[in-house]
Every structure is written in C-alpha cells, then in structure tokens.
Amino acid sequence: MQNLVIDAERLWGELMETATIGGTPKGGICRLTLTDLDRQVRDWFRARAEALGCTVTVDDMGAMFARRPGQRNDIAPIAMGSHLDTQPTGGKFDGVLGVLGALEALRTLVQAGYETFAPIEVVNWTNEEGSRFAPAMVASGVFAGAFTRDWAVSREDRSGVTFGAALEAIGYRGAEPCGQHPLSAFFELHIEQGPILEAEKKDIGIVTGVQGMRWYEVTVTGESAHTGATPMRLRKNALLGAARLVERVNAIAEAHAPAALGAVGLMEVRPNSRNVVPGEVFFCVDLRHPDAAVLDRLEAAYTASLREICDPLALSVSSSRIWDQPPVRFDAACVASVRRAAALSGLSAQEIISGAGHDAAYVSRVAPTAMIFVPCRDGVSHNEAEFTSREQCAAGAQVLLQAVLDYDRTLAERHARK
Ligand code: HGY
Ligand code: MN
Ligand code: MN
C-alpha cells in the first residue's frame, strides 16, 4: 500500500481556523450544539467535504455524512468522525480533532488518487456534548436505537427551546431518517481528555471500550424566606440540602475509588437572590464506572442519600435518571486495525478504556467500532486551556487513516472469499 501520509500543517491550520467559530478570549471555544455558531461550522465542514468531491447527506437528527465512493459502492461505507459542538468553555480539540482529522485522512486519499474498496464517510454527530440538550450523544444514540427520535427532538434546553426547534432553526434537519444509514465500520479519533497517555509517555491510545455513565436530574424544594428575618430553626433551605447532596455524591465516588467518578456540574438556585433563603435548587448528577454492577451500587447509595439528607431539613426531593449508557467493549477487528496502524506509523501505543463518553459508544451497537486517542496536555479537557500539539494531532490523524485503510483491506479480503 502506498505510504500515504496526512498533511500535519493543513490539519493544524483547519483546527485553528475552525477554532475561531465561537472562539473565546481565553483561547477556547463556546460553540453549543444547534446554535448559529454550530451552523457556521457545519457549513464550513460541508463546503470542505464537497470541495473534495464528497456528497454530503444529513439525517433528521442533523448528523452529517460526507461520502467518497470506493470500488464497491453497494457495500456500506467505512466511516470516521466525531462531533463539532463544544462545551460552553470547551477546548479547540474535543470532537473537532475527530472530524477534521477524518477530513484530512479523506483528503489524503483524494490527493493520492487512492481508491478504497468500500466507500469512505466522514461523520459529524449532533449534540455529542449534552451540554445544551441532555443527555449527551443524542444523535448517535438515536442512530443506534438507544433513544427514539421523538424523545430526542423533544429534549429542552434550560430556556425551554426544544432540540427539534433548534435543529430546524439552523436548517440542518435532513431528510434521511436517523439510523437508516448502514456502516461497515466506524473509527473515531479523539483526545484522551485524561492524564494516562501523557503520564505513560505514549503517542496513541488503542481504545478498547468506554466506561458506563449515568445522569440524574434532581430538584430539591424548600421554602423561600428572608435571610434576615427567618430564624435558622424555621428555615427550609433547599441550597443547604443540595450542598450536602453534592458532598455525598463526591463521598460515594471516593468510597469506590479509584475507578468510580461522581460530580455535579450544573446547578440552578432559585430565586438566586442575595437575601433570599433558596426555595428550590435544580442540579444534575453524573456517575461513572467501567463496571455496570458497581454503577448499580453507586446509584443505590446515591438514591438512599436523597431522603436521608433532605428529610431532616424539611425539604422534598425528586430525582430522575435521564441517561444510562452501559459500559462498551469495542469490536476486536477494529481494535486490531488501530493496533496495526499505530505500529505501521511507528508510534508508541497502549490499550485504554475511555472515561469520557463518545459517539463511538453508541455507534458500536450497530457497526463494528473502535477509537484512537491522542494525549492532551496535563490531561485537561472541557476547559479552554485544553491543548494537544500539532505533532500529536497529526499522529492521531495518521493512525486514523491507516486504521481505515487496514480495515478496508480486511473487508476486501472478506468479500474476495465469498
Ligand atoms: O459526557 C461526556 O463524557 C462527553 O463529553 N459527552
Ligand atoms: Mn468529545
Ligand atoms: Mn466533550
């Protein structure tokens, strides 16, 4: 196979160029899903893909598929991609590297005139982050049958706008029913978003799976009262209850250390006034673990804490689980392609389980899937300081290209034996 090498400068240039769409003064990106900024980067992606001769289709969850034909266009494509939406204080690389790295890999094939056996597609999944609309990975979840489309498009952001209305507003509700798009395989390049590869001094993470994760929406209700005139013993302080629950979520995760993870990242205090005892607090709990049985134990301990903490404070509390993504093991053949690609590229590599959720976790339910990680500085992500070097981005895209070509060859061999 020709020694096909991606263009590191071109990839870096596009990463920096798209980082200006929603760029923040601290050097990060705020490009929430289904906003006009998301539309702008989607338009950018479509234009670049079409300039490479790809046809771009969009499904009714807004997922974008840029397709390059192969020798056998009757065979489902090998896809690669990730997401272009970001956290409110996101970095330049989370998701974006996976889409632009895939675009650069495809561009390398086009420029070399290399014809693959199967068609190749680059995918941009809608709302991977789950920041504006919960839960995360909604479009890939519908694609994999984990959520119904009706449920997904009815999800509301914190100002009451539905996913469906926002998708319509940016003009990216496509015609193709989400999920009716067979794939031969899917590969996702992503930054690790943790400290392991950097600590182990490895260039590449051969991602063999994703840990399990669950989200819960909680409302603690007390009674708004005057902070200056209401005796402490008469207060029903919803924020006091919420604060104790936040502390307990942390303690439950620490009691199952080191693999368990727990946090509260979103909280709304009402009426949120300096001299009013909060009458109501809304927040979201995030629990994670690689083992579903331990996740069950974390959930049981969390659930038991709700009344234990709120009853003595004369507070009522409601909690609903809005997301349950079980642990995932990726396809052995796809993982083997990643392993061979890293070796062929002369890069150090180790196997790793992903702590963060990714679209690949859902896609793996309907197509053979694997992921490729590259390190990020100090393991920092979901932070404007997120950084992965030009060389590391290029290494990841190079392994992505070689993994897709490796899998394409195995597919051709499989079909030749029929
Ligand atoms: O929540 C996650 O792990 C991902 O960033 N959506
Ligand atoms: Mn991501
Ligand atoms: Mn993310």
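Quantities reported herein were computed from a predicted structural model and do not represent experimental measurements.

Caption draft 1: Representation of the overall build of the chain. Counting its secondary structure elements, the chain contains 12 helices and 15 strands. Here the C-alpha radius of gyration of the chain, 23 Å, is about what a compact globule of 418 residues would show, namely 22 Å. C-alpha extents for the chain along the principal axes are approximately 80 × 45 × 40 Å. The buried share among the 418 residues of the chain stands at 55%. Across the chain, contacts joining residues at least 24 apart in sequence account for 80% of those joining residues at least 6 apart.

Caption draft 2: Broad picture of the pairing of strand β3 (residues 78-83). When you tally the buried positions in β3, you get 6 out of 6 residues, the bulk of the element. Taking every second residue as pointing to the same face, both faces of β3 are buried, with I78, M80 and S82 on one and A79, G81 and H83 on the other. Taken together, the 6 bridges between β3 and strand β4 (residues 120-125) define a ladder with parallel strand orientation. Each residue of the ladder has a partner; that of H83, found in β4, is W125. Inspection of the sheet shows β3 paired to strand β5 (residues 185-191) by 3 bridges, in the parallel sense. Across the sheet, the residue bridging to M80 is F187, located in β5.

Caption draft 3: Geometry of the coordination of the manganese ion (ligand 2). The manganese ion (ligand 2) binds to the protein through H83 (NE2), D94 (OD) and H190 (NE2), with metal-donor distances spanning 2.1 to 2.3 Å. Each donor residue of the manganese ion (ligand 2) lies on one chain, and together they are spaced H-x10-D-x95-H. Separation of the manganese ion (ligand 2) from the manganese ion (ligand 3) amounts to 3.5 Å, with D94 serving as a shared donor to the pair. With H83 in strand β3 and H190 in strand β5, this pair connects stretches of sequence that are 107 residues apart. There is no split in this pair, since H83 and H190 are both buried.

Caption draft 4: Broad picture of helix α10 (residues 332-344). In this model, α10 (13 residues) spans 18 Å end to end at C-alpha, consistent with the 18 Å of a helix rising 1.5 Å per residue. Here α10 has its buried residues at C334, V335, A336, S337, V338, A341 and A342. Buried residues along α10 sit in contact with β5, β6 (204-210), β14 (349-354), β15 (369-374) and α12 (390-416). Between a side-chain oxygen at the N-terminus of α10 and the backbone nitrogen of A333 the separation is 3.0 Å; the capping residue is D331. Just downstream of α10 lies G346, where phi reads positive at about 70°.

Caption draft 5: Representation of the packing of helix α8 (residues 238-255) against helix α9 (residues 292-310). Between α8 and α9, whose axes approach to 10 Å, the crossing angle comes to 155°. Regarding the angle of α8 to α9, the classification is roughly antiparallel. For α8 against α9, the interelement crossing comes out right-handed. Only L298, A301, Y302, S305, L306, E308, I309 and C310 of α9 make contact with α8, whose side of the interface consists of G241, R244, L245, R248, V249 and I252. Of the residues contributing to the contact of α8 with α9, the split by class is 9 nonpolar, 2 polar and 3 charged.

Caption draft 6: Representation of the site of ligand 1 within the structure. The immediate surroundings of ligand 1 are formed by E128, E129, A136, R288, A356, G357 and H382. Between ligand 1 and E129 there is a distance of 3.4 Å, counted from an oxygen atom to a side-chain nitrogen or oxygen. At 2.7 Å from an oxygen atom of ligand 1 is found a side-chain nitrogen or oxygen belonging to R288. Taking 210 Å² as the accessible area of ligand 1 by itself, protein coverage stands at 95%. The residue makeup of the shell around ligand 1, split by class, is 2 nonpolar, 2 polar and 3 charged.

Caption draft 7: Just the coordination of the manganese ion (ligand 3), in detail. Note on the manganese ion (ligand 3): its protein donors are D94 (OD), E129 (OE), E129 (OE) and H382 (NE2). The metal-donor distances range over 2.1 to 2.4 Å. Read from N- to C-terminus, the donor residues coordinating the manganese ion (ligand 3) fall into the pattern D-x34-E-x252-H. We classify H382 as partly exposed; its relative accessible area is 40%.

Caption draft 8: Looking closely at the pattern of salt bridges. On inspection of all chains with the given rule, the structure shows 29 salt bridges. Taking the shortest distance from any N to any O, the salt bridge between R288 and D286 comes out at 2.8 Å. Taken as a pair, R288 and D286 share a single burial class, namely buried.

Caption draft 9: Highlighting helix α3 (residues 96-112). When the terminal C-alpha atoms of α3 are compared, their 24 Å separation across 17 residues agrees well with the 24 Å that a helix rising 1.5 Å per residue should span. Along α3, 14 of the 17 residues are buried, which leaves the element largely enclosed by surrounding structure. Phi turns positive, to about 65°, at G113, one or two residues after α3.

Caption draft 10: Inspection of the side chain of R288 at higher detail. When you line up the elements, R288 lands in strand β11 (residues 280-289). For R288, the side chain forms a polar contact with the side chain of D286, separated by 2.8 Å. Polar side-chain contacts of R288 include one of 3.3 Å to the backbone oxygen of G355. In this structure, R288 is in contact with Q211, G212, M213, W215, A259, A260, L261, L295, L298, G355, A356 and G357, ignoring residues within four places of it in sequence.

What counts, and at which threshold
- Residues numbered from 1 in each chain as written.
- Chains lettered and ligands numbered in written order.
- Predicted model: local features only at pLDDT ≥ 70, side-chain atom pairs only at ≥ 80, totals over all residues.
- Heavy atoms only, no water.
- Helix = DSSP H or I, 4+ residues; strand = E, 2+ residues; numbered from the N terminus.
- Rg over C-alpha atoms; globule rule 2.2 N^0.38 Å.
- Buried < 20%, exposed > 50% of the residue type's maximum accessible area, 1.4 Å probe, protein only.
- Contact = heavy atoms within 4.5 Å.
- Pairing = 2+ DSSP bridges.
- Donors = N, O, S within 2.8 Å, 3.2 Å for Na, K, Ca; no water.
- Expected span 1.5 Å × (residues − 1).
- Polar contact = N/O pair within 3.5 Å; in protein donor to acceptor, adjacent residues only side chain to side chain.
- Axes fitted to C-alpha atoms, helices over the stretch in contact; angles between N-to-C directions.
- Parallel < 35°, antiparallel > 145°, perpendicular 65-115°, else oblique.
- Left-handed = near helix turned anticlockwise from the far one by under 90°.
- Nonpolar A, V, L, I, M, F, W, Y, C, P; charged D, E, K, R; others polar.
- Near = heavy atom within 4 Å.
- Areas by Shrake-Rupley, 256 points an atom, 1.4 Å probe, with all protein chains shown as cover.
- Salt bridge = Lys/Arg side-chain N within 4 Å of Asp/Glu carboxyl O.

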